[in-house]
Amino acid sequence: MAKRTAVIDLGSNSMRLAIYERTSRWAFFTLAEFKTKVRLASGGYNSAGEISKASMQRAIDGFCEFAQIAKAHKCHKIYAVGTSALRDAPNSSELISAVKRECNINLKVIDGKMEAILGATAAANLLAPFKKGVTIDIGGGSTELALVENGRICKAISLNLGTVRLKELFFDNKNTANLKSFLADAIKGVIDDFRCENIIAIGGSLRALSSAIISRERYPISTLHNFEYKLSVHEEYLSSVANSTVLGLERLSIKKERFDTIREGAHIFLAVAKALGVKRVITSGVGVREGVFLNDFLGLYLNKRAEVKSGELGLMLAKFANGLNPGLKSLIDRFNVNPNRNIKNYAKAIFEALSPVHKLENCYIQELLTASKLINIGSNIGFYNDHKNSAYIVLNSLNYGYTHEQKALIAAIIGTNGKKSVYEYDKLEKLLPPAYVVRWLSFMLYLARALDISCAGAKLEFTYENQALSIIGGRGLSLAKDEIKKLAKPDTFAISFV
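Described in the following lines is the structure provided in the data block. (Residues numbered from 1 in each chain as written. Predicted model: local features only at pLDDT ≥ 70, side-chain atom pairs only at ≥ 80, totals over all residues. Heavy atoms only, no water.)

1. Side note on the sheet that holds strand β14 (residues 468–472)
Part 1 of the argument: Taking strand neighbours across the sheet as the criterion, the three strands line up as β13-β14-β15 in an open arrangement whose pairing is mixed. Two strands bound the open sheet, and with one partner strand each, they are β13 (461–465) and β15 (494–497). This sheet shows a mean twist of 20° between the axes of neighbouring strands, independent of strand direction.
Part 2 of the argument: Note: β13 against β14, five bridges, orientation antiparallel. For Glu461, the partnering residue across the bridge sits in β14 and is Ile472. (Pairing = 2+ DSSP bridges. Helix = DSSP H or I, 4+ residues; strand = E, 2+ residues; numbered from the N terminus. Axes fitted to C-alpha atoms, helices over the stretch in contact; angles between N-to-C directions.)

This is how it looks when you write it as structure tokens:
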């Protein structure tokens, strides 16, 4: 099992390297990412797609540098894929041979449908669960769509729409009069097949738009992965980006490195989203690179399974087994935490026993149990304020499979530390349930933790009657009793040991 794997993605505009590290059989995280602009397709859309000598040399230099970086990180495997520009270029074999000769890297061209499938595989595995959604990956030379429903990739297609393609055909000439009709013609054949209310945004341009919205809205979490927004709320803003001058983009919170192609990306996205009847946009921080990695990690053998000529794929997604979350497991692995089953079991039992008092919905049990697994991850950073360390790690690193609301709640449960003042409530309020919900969940978690200090795995039972929580089997736990006195009970009731 290779501990570290490098994946290189050569696109029409940029070239990216991602390094993934396995922490155990079913867990991994992104160790590092690098990006360089090679502009492989520069000038190609006005010259039959041929790669220029200058672009080819930039790509070769990039591969050689990425190979050195992968070596420095002790990567045992390197996968390299090329997408639209390499597919379109009549002289792509020249670049592939040079990369093998000079960098010792096997560069593989993937077709548009495979590109769509890889992106969909990554999103379906690593986003918070969804029943139906269309992934959209806008690159420099093409745009890929995949319809995912109930664990199957139903349809996948690649359109000859890309940011660099539009830039050279329309924006560089300062003649966008026919742009709207060009976009309509390009997508009219796929509207019915991919109509869906949920669209999953993949790729640099769409992530840049989500990042700008996060900045403008002063959104409480900066993580792009799983950031959601309603298209109707931000459609006017997206249109402003699409129709802005280059100089006006900075006022729209667009980062300078995105000035060259962000308008084109916004035009493509709006055209597709409106045509498909999209209402909700889900940002994916993962895409083709993660799809390539998962192809190896999960043993998907996508190349063999995706050889379907029809547009109807019906391709079953290989998924992590139920209950296995690679991001959660990776955090536990990296911070050398032993998920304490006693805390988990006690917390659940306390939740059930106190249900007549707290009256919380059972849906909160999932976040409570996840918090019980991660409550101690901050202790390896430092004993003092370890609850704050743990909460910070959750907010910034618990990404795969969790919504932002779930992340915020798990962090708040841990960070509140069983006290009255809710952790970062002013900052996270729009993502959290009412404060009393957080206080209750945090109290129950830290009550379970206090009991675990002294019980050493003893089997405890919990009952509630006559305004008293009875802890059966916990006599003589003086240390636990002292810790419990420090907790802020969210309601008036007694705690007795029987």
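2. Description of empty space enclosed by the protein
Part 1 of the argument: Enumeration according to the criterion identifies four cavities of 30 Å³ or more in this entry.
Part 2 of the argument: Counted as a void, the largest cavity has a volume near 380 Å³.
Part 3 of the argument: Residue lining of the largest cavity: 28 residues in total, with Arg16, Asp137, Ile138, Gly139 and Gly204 positioned closest to the centre.
Part 4 of the argument: Those elements giving two or more residues to the lining of the largest cavity turn out to be β1 (4–10), β2 (14–24), β6 (132–138), α8 (204–217) and α11 (288–297). (1 Å grid on protein atoms, 1.4 Å probe; cavity = no way out; pocket = protein on both sides within 12 Å on 5 of 7 lines; lining within 4 Å. Points joined across faces, edges and corners; volume = space filled by probe spheres on them.)

3. Describing helix α14 (residues 341–353)
Part 1 of the argument: For α14, which comprises 13 residues, the first-to-last C-alpha distance of 18 Å matches the rise-based estimate of 18 Å (1.5 Å per residue) to within 8%.
Part 2 of the argument: The complete set of buried residues in α14 reads Ile343, Tyr346, Ala347, Ile350, Phe351 and Ala353. End-on, the buried residues of α14 take up no more than an arc of 165°, which puts them together on one face.
Part 3 of the argument: Residues of α14 that are buried make contact with α15 (355–358), α16 (365–374), α20 (435–455), β13 and β14. (Expected span 1.5 Å × (residues − 1). Buried < 20%, exposed > 50% of the residue type's maximum accessible area, 1.4 Å probe, protein only. Arc of directions from axis to C-beta. Contact = heavy atoms within 4.5 Å.)

4. Some thoughts on the pattern of salt bridges
Part 1 of the argument: Per the counting criterion, the structure on display carries 20 salt bridges.
Part 2 of the argument: In this structure, Arg4 engages Glu21 in a salt bridge whose closest nitrogen and oxygen atoms are separated by 2.7 Å. Of the two residues, Arg4 is situated in strand β1 and Glu21 in strand β2; the sequence distance between them amounts to 17 residues.
Part 3 of the argument: The class of Glu21 is buried, set by a relative accessible area of 9%.
Part 4 of the argument: The closest approach of N and O atoms between Glu94 and Lys53, which form a salt bridge, is 3.0 Å. (Salt bridge = Lys/Arg side-chain N within 4 Å of Asp/Glu carboxyl O.)

5. Description of the layout of surface pockets
Part 1 of the argument: Looking at the largest pocket, its volume works out to about 890 Å³.
Part 2 of the argument: Around the largest pocket, the lining is made up of 33 residues, and of these Glu33, Arg207, Leu224, Gly285 and Arg289 lie nearest the centre.
Part 3 of the argument: Counting residues per element, the ones that place at least two in the lining of the largest pocket are β2, β3 (27–37), α8, α11, α13 (326–334) and α17 (386–397).
Part 4 of the argument: Considered class by class, the residues forming the lining of the largest pocket number ten nonpolar, 13 polar and ten charged. (Nonpolar A, V, L, I, M, F, W, Y, C, P; charged D, E, K, R; others polar.)

6. Details of helix α10 (residues 262–276)
Along an α-helix, residues three or four positions apart point the same way, because every turn accommodates 3.6 residues.
Part 1 of the argument: The first and last C-alpha atoms of α10 sit 21 Å apart over 15 residues, in line with the 21 Å expected at 1.5 Å per residue.
Part 2 of the argument: Taken across its 15 residues, α10 has 13 buried, putting it largely inside the fold.

7. Here's the deal with the packing of aromatic side chains
Part 1 of the argument: Under the counting rule described, the total for this entry stands at 18 aromatic pairs.
Part 2 of the argument: When the centroid spacing of 6.2 Å and the interplanar angle of 80° are considered together, the rings of Tyr20 and Phe28 count as edge-to-face.
Part 3 of the argument: Accessibility expressed as a relative area gives 0% for Tyr20, which makes it buried.
Part 4 of the argument: Centroid distance Phe443 to Phe493: 5.9 Å. Interplanar angle 80°. Geometry classified as edge-to-face. Of the two residues, Phe443 is situated in helix α20 and Phe493 in the loop between α21 (478–485) and β15; the sequence distance between them amounts to 50 residues. (Phe/Tyr/Trp six-rings, centres within 6.5 Å; stacked < 30°, edge-to-face > 60°.)

In short, the description is geometric, and any link to function would need to be established separately.
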